[in-house]
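Structural overview for review
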Amino acid sequence: MDISIQIIWLFILAIPISCISWTVTHEEIFKEPRDFCVECSKNSRLLVTRKLFYLFTCEYCFSHYVTIFFIIFCEYKLLLTDWRGYLIAGFALVFVANVYMSLFGLLRQAIKKEKVEIKKIEIEEEIIQKEIK
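Keep in mind that this is a model prediction, so the values were computed, not measured.

1. Thoughts on the packing of helix H4 (residues 59-74) against helix H5 (residues 83-132)
As a packed pair, H4 and H5 sit with axes 9 Å apart at the nearest point and diverge in direction by 135°. By the angle class used here, H4 and H5 are oblique. Every pair of crossing elements has a handedness; the one defined by H4 and H5 is right-handed. Between H4 and H5, the contacting residues are Glu59, Tyr60, Ser63, His64, Thr67 and Ile71 on the first element and Tyr86, Ala89, Gly90, Leu93, Val94, Asn98 and Met101 on the second. Considering only residue class, the contact of H4 with H5 consists of 7 nonpolar, 5 polar and 1 charged.

In structure tokens, the structure reads:
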């Protein structure tokens, strides 16, 4: 595969990796299983059990395993055609996916802040309208 095609694959393949990782570790649909995993990761007696359950609460950690799945599923290699290509692809995909998740997190935070500010302005306008009447 040509290097330019490999780079395109890198940036496109990181999108579903980041999407799956973010959804499992942050979104409401997985809240109950995630809460269970948080509890087990804090209270389990065995170190291996704590680490296993922590995997489902950290988007960075979870993205490694999602990346492994996608590398196997798509047989994606980066730069080299042997096992080293898989290794390089894995770390590159994790990096790009986590950049995407960081940008998405910042975007969501900015949107949330904007909504709070809008709500505050609406409440202030309601108070002013009541004082006028």
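2. Digging into helix H2 (residues 31-43)
For H2, with 13 residues, the first-to-last C-alpha span of 18 Å sits near the 18 Å given by 1.5 Å per residue. For H2, the full list of buried residues reads Arg34, Cys37, Cys40 and Ser41. In a view along the axis of H2, the buried residues occupy a sector of 125°, so they form one face of it. The outward face of H2, more than 90 degrees from its buried face, is lined by the exposed residues Glu32 and Lys42. On its buried face, H2 sits against helix H1 (3-26) and helix H3 (47-54).

Reading the values: rules and limits
Once a new chain begins, its residue numbering starts again from 1 and follows that chain's sequence as written. In keeping with the model being predicted, local features are shown solely for residues with a pLDDT of at least 70 and side-chain atom pairs are shown and tallied solely at 80 or more, while totals for entire chains, interfaces and linings include all residues. With hydrogens and water excluded, all non-hydrogen atoms of the structure serve as input to the side-chain values. Lines fitted to C-alpha atoms define the axes, with helix axes restricted to the stretch in contact, and inter-axis angles between N-to-C directions lie between 0 and 180 degrees. Here a strand is any run of E in DSSP of at least two residues, a helix any run of H or I of at least four, and the numbering for each starts at the N terminus. Every angle not falling under 35 degrees, over 145, or within 65 to 115 is termed oblique; those three ranges are roughly parallel, roughly antiparallel and roughly perpendicular. Helix crossings are classified by the rotation of the near helix relative to the far one: an anticlockwise turn of less than a right angle makes the crossing left-handed, while a clockwise turn makes it right-handed. Any two residues whose heavy atoms approach within 4.5 Å are treated as being in contact. Here the nonpolar group is Ala, Val, Leu, Ile, Met, Phe, Trp, Tyr, Cys and Pro; Asp, Glu, Lys and Arg are the charged ones; every other residue, Gly included, is treated as polar. What a helix should span is 1.5 Å times the count of its residues minus one. Burial classes: relative accessible area under 20% of the type maximum marks a residue as buried, over 50% as exposed, and values in between as partly exposed (1.4 Å probe, protein chains only). Here the arc refers to the set of directions running from the helix axis out to each C-beta atom.

Interpretation note: all reported values are geometric properties and have no functional meaning in isolation.
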